[in-house]
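# Breakdown of the fold
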Amino acid sequence: MTYWCLFQMVLLLCFSTTALSRNYSLLRFQQRRSVVVCQKLLRQLPSTPQHCLEVRMDFQVPEEMKQAQQFQEEDAILVIYEMLQQIFGILTRDFSSTGWSETVIEDLLVELQRQMDHLEPIQKEIMQRKNFTTGDMAILHLKKYYFNLGQYLKSMEYNSCAWTVMRVQMLMNFSFLKSLTGYLHD
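Criteria and thresholds
Residue indices follow the written sequence of each chain, beginning from 1 at its first position. Totals for whole chains, interfaces and linings use all residues, but because this is a predicted model, local features are given only for residues with pLDDT of at least 70 and pairs of side-chain atoms are given and counted only at 80 or more. Hydrogen atoms and water are omitted, and side-chain values are computed over all heavy atoms in the structure. Each helix is a run of DSSP H or I of at least 4 residues and each strand a run of E of at least 2, with the numbering of both proceeding from the N terminus. Between buried and exposed lies partly exposed: a residue is buried under 20% and exposed over 50% of the maximum accessible area for its type, with that area taken using a 1.4 Å probe on protein chains only. What counts as an axis is a line fitted to C-alpha atoms, over the stretch in contact for a helix, and the angles between N-to-C directions run from 0 to 180 degrees. A crossing counts as left-handed when the near helix is turned anticlockwise from the far one by less than a right angle, and as right-handed when that turn is clockwise. Three classes are used, and their members are as follows: Ala, Val, Leu, Ile, Met, Phe, Trp, Tyr, Cys and Pro are nonpolar, Asp, Glu, Lys and Arg are charged, and the others, Gly among them, are polar. Ring pairs shown here join Phe, Tyr and Trp side chains whose ring centres sit within 6.5 Å, with only the six-membered ring taken for Trp; geometry is labelled stacked below 30 degrees between planes, edge-to-face above 60, and tilted in between. Salt bridges, as used here, are contacts in which a Lys or Arg side-chain nitrogen is within 4 Å of a carboxyl oxygen on Asp or Glu. For the purposes of this analysis, a disulfide is any pair of cysteine sulfur atoms at a distance within 2.5 Å. The term nonpolar core refers to a set of buried residues drawn from Ala, Val, Leu, Ile, Met, Phe, Trp, Tyr and Cys, joined through side-chain atoms within 4.5 Å. The criterion used for residue contact is that any of the two residues' heavy atoms lie within 4.5 Å.

## Here we look at the environment of V168
Positionally, V168 belongs in helix 6 (residues 160-181). A relative accessible area of 31% places V168 in the partly exposed class. Along the chain, V168 and R43 lie 125 residues apart, while their C-alpha atoms are 9.6 Å from each other.

## Let's talk about the packing of helix 3 (residues 73-91) against helix 4 (residues 102-128)
Here helix 3 crosses helix 4 at 145°, and the two axes come no closer than 9 Å. Considering the relative orientation of helix 3 and helix 4, their crossing is left-handed. Looking at the contact of helix 3 with helix 4, its residues break down into 17 nonpolar, four polar and two charged.

## Focus on the packing of aromatic side chains
Per the stated rule, a full pass over the model turns up four aromatic pairs. Centroid distance F59 to Y152: 5.1 Å. Interplanar angle 85°. Geometry classified as edge-to-face. One end of the pair, F59, is in the loop between helix 2 (24-44) and helix 3; the other, Y152, is in helix 5 (residues 134-155), and 93 residues separate them in sequence. Neither residue differs from the other here; F59 and Y152 are each classed as buried. Relative to W163, the ring of W100 lies with its centre 5.5 Å away and its plane at 70°, an arrangement referred to as edge-to-face. Separated by 63 residues along the polypeptide, W100 in the loop between helix 3 and helix 4 and W163 in helix 6 bring together distant segments of the chain.

## Re the pattern of salt bridges
Taken as a whole and judged by the stated rule, the model has three salt bridges. Among the salt bridges present, the one from E111 reaches R33, with a minimum N-O distance of 3.1 Å. With E111 in helix 4 and R33 in helix 2, this residue pair connects regions lying 78 residues apart in the sequence. Here E111 falls in the buried class, since its relative accessible area comes to 5%. Via salt bridges that share partners, R33, E111 and R114 belong to a single interconnected network.

## Overview of the state of the cysteines
By the definition in use, this model includes one disulfide. The side chain of C52 participates in a disulfide bridge whose partner is C161; the two sulfur atoms lie 2.0 Å from each other. The sign of the -50° torsion about the S-S bond sets the C52-C161 disulfide as left-handed. Within this pair, whereas C52 is found in the loop between helix 2 and helix 3, its partner C161 is found in helix 6, the two being separated by 109 residues in sequence. For C161, a relative accessible area of 14% gives the class buried.

## Description of unusual backbone geometry
Negative phi is the rule for most residues except glycine; trans is the rule for most peptide bonds. The backbone of E157 shows a phi angle near 55°, a positive value even though the residue is not glycine. Position of E157 relative to the elements: it lies in the loop between helix 5 and helix 6. Residue classification places E157 among the exposed positions, given a relative accessible area of 66%. A positive phi angle, close to 55°, is found at Y158, a residue other than glycine. Mapped onto the elements, Y158 comes out in the loop between helix 5 and helix 6.

## Let's talk about the nonpolar core
With 53 residues, the main nonpolar core has V79, L112, M166 and F174 as its most contacted residues. Contributing elements (two or more residues each) for this core: helix 2, helix 3, helix 4, helix 5 and helix 6. Looking at which element gives the most residues to this core, the answer is helix 3, with 11 residues. If we skip the residues at most four places from it in the chain, L112 touches C38, L84, I87, F88, L91 and F174.

The following block contains the structure:
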């Protein structure tokens, strides 16, 4: 009897995960809410003087980040997931010179992880049956872009001006994520 109940619960979990992963409306709602939370958290971080923006460089933002409407839903999910992973990686670097609140950064990391957890089942599903598409090129361009961001931080020795530039880049990234999320439909 116990095994039968356990078997039913396992089946229910499997089917609900698949059903949730296919519900783009729910996913869109979760992602939009989460992006807004991340933007609010980033805005809580103090920025340094305006002169810091003068030390920024051209990070070669991928053209794909300027045209969210070009992505099909599956590609959009893969791009969103990649961006969240990369942003998470950047925010786990040494930001001690910024005076930023560790609590705000931790909340931001938790929110990013929550977004990735929502996306992961469908991302894995897509990757299992994926053919080469426009999204693949976008992901390669994104990896180069985030590599350049990381190199910039490192070359600037993670100083507060470099993090101010990163904060601006992250806000821009979340704006793109918000518009990209809008293209998810059932």
